[in-house]
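# Analysis of the macromolecular model
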Amino acid sequence: MSNLKGPDGRLGDRLSDGRPAVSWERRWTEGALPLWLVATAGGIAVIFVLGIFFYGSYTGVGSA
């Protein structure tokens, strides 16, 4: 547990009227690691892994 007494400087999740404190547009484009960058890197990683799998299955890499 934290020993902090009081606010830690972070924004709350919601405003008093129920709207999100940070809009999805800002979450998508701003921040230390923008979500578009995370999504792009994740998609490239998935395609790369699937490519290795299919390459190995069609070329017989590792078969005796």
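Structure first, text after, so check above.
Report follows, based on the coordinates. Please read these numbers as outputs of a predicted model, since none were measured by experiment. Throughout this document, residue positions are counted from 1 along each chain, in the order its sequence is written. Confidence filtering applies because this is a predicted model: local features only for residues at pLDDT of at least 70, side-chain atom pairs given and counted only at 80 or more, and all residues used for totals across whole chains, interfaces and linings. Values reported for side chains reflect all heavy atoms of the structure, with hydrogen atoms and water molecules removed beforehand.

### Some remarks on the pattern of salt bridges
Opposite charge on two side chains allows them to pair when their charged atoms are near. Operational definition: Put simply, a salt bridge is a Lys or Arg side-chain nitrogen that is within 4 Å of an Asp or Glu carboxyl oxygen. Only protein chains enter the accessibility calculation, which uses a 1.4 Å probe; a residue is then buried when its area is under 20% of its type maximum, exposed when over 50%, and partly exposed in between.
Per the counting criterion, the structure on display carries 1 salt bridge. The shortest N-O distance in the salt bridge between Asp 17 and Arg 19 comes to 2.8 Å. In this pair, the class of Asp 17 matches that of Arg 19, namely exposed.

### Structural notes on a nonpolar patch on the surface
Under the convention used in this document: Here the term patch refers to residues with relative accessible area over 30% and no salt bridge, with like charges joined within 9 Å and nonpolar side chains (Val, Leu, Ile, Met, Phe, Trp, Tyr) within 5 Å. Per-residue and other accessible areas follow the Shrake-Rupley method at a 1.4 Å probe size, with only the shown protein chains counted as cover for residues. Secondary structure elements follow DSSP: runs of H or I of four or more residues count as helices, runs of E of two or more count as strands, with numbering from the N terminus.
Taken together, the side chains of Trp 24, Trp 28, Leu 33, Leu 35, Trp 36, Leu 37 and Val 38 present a nonpolar region at the surface, about 730 Å² in accessible area. If you list the elements that add at least two residues to the nonpolar patch, you get helix 1 (24–29) and helix 2 (35–59). The element best represented in the nonpolar patch is helix 2, accounting for 4 residues. Summarising the element assignment, Leu 35 is placed in helix 2.

### What to know about the environment of Trp 28
This is how it is decided: By definition in these notes, contact holds between two residues if any of their heavy atoms fall within 4.5 Å.
Along the chain, the position of Trp 28 falls in helix 1. C-alpha separation for the pair Trp 28 and Val 38, spaced 10 residues apart in sequence, amounts to 9.6 Å. Those residues in contact with Trp 28 that lie beyond four places of it in its chain are Pro 34, Leu 35, Trp 36 and Ala 39.

### Regarding the packing of aromatic side chains
Here is the rule we go by: Stacked, tilted and edge-to-face are the three classes applied to pairs of Phe, Tyr and Trp rings, where Trp contributes its six-membered ring and a pair requires centres within 6.5 Å; stacked means planes under 30 degrees apart, edge-to-face means over 60, and tilted covers the rest.
On inspection of all chains with the given rule, the structure shows 1 aromatic pair. Each ring, one from Phe 53 and one from Phe 54, has its centre 5.3 Å from the other, and the planes form 75 degrees; the classification is edge-to-face. The exposed category is assigned to Phe 53, whose relative accessible area is 53%.

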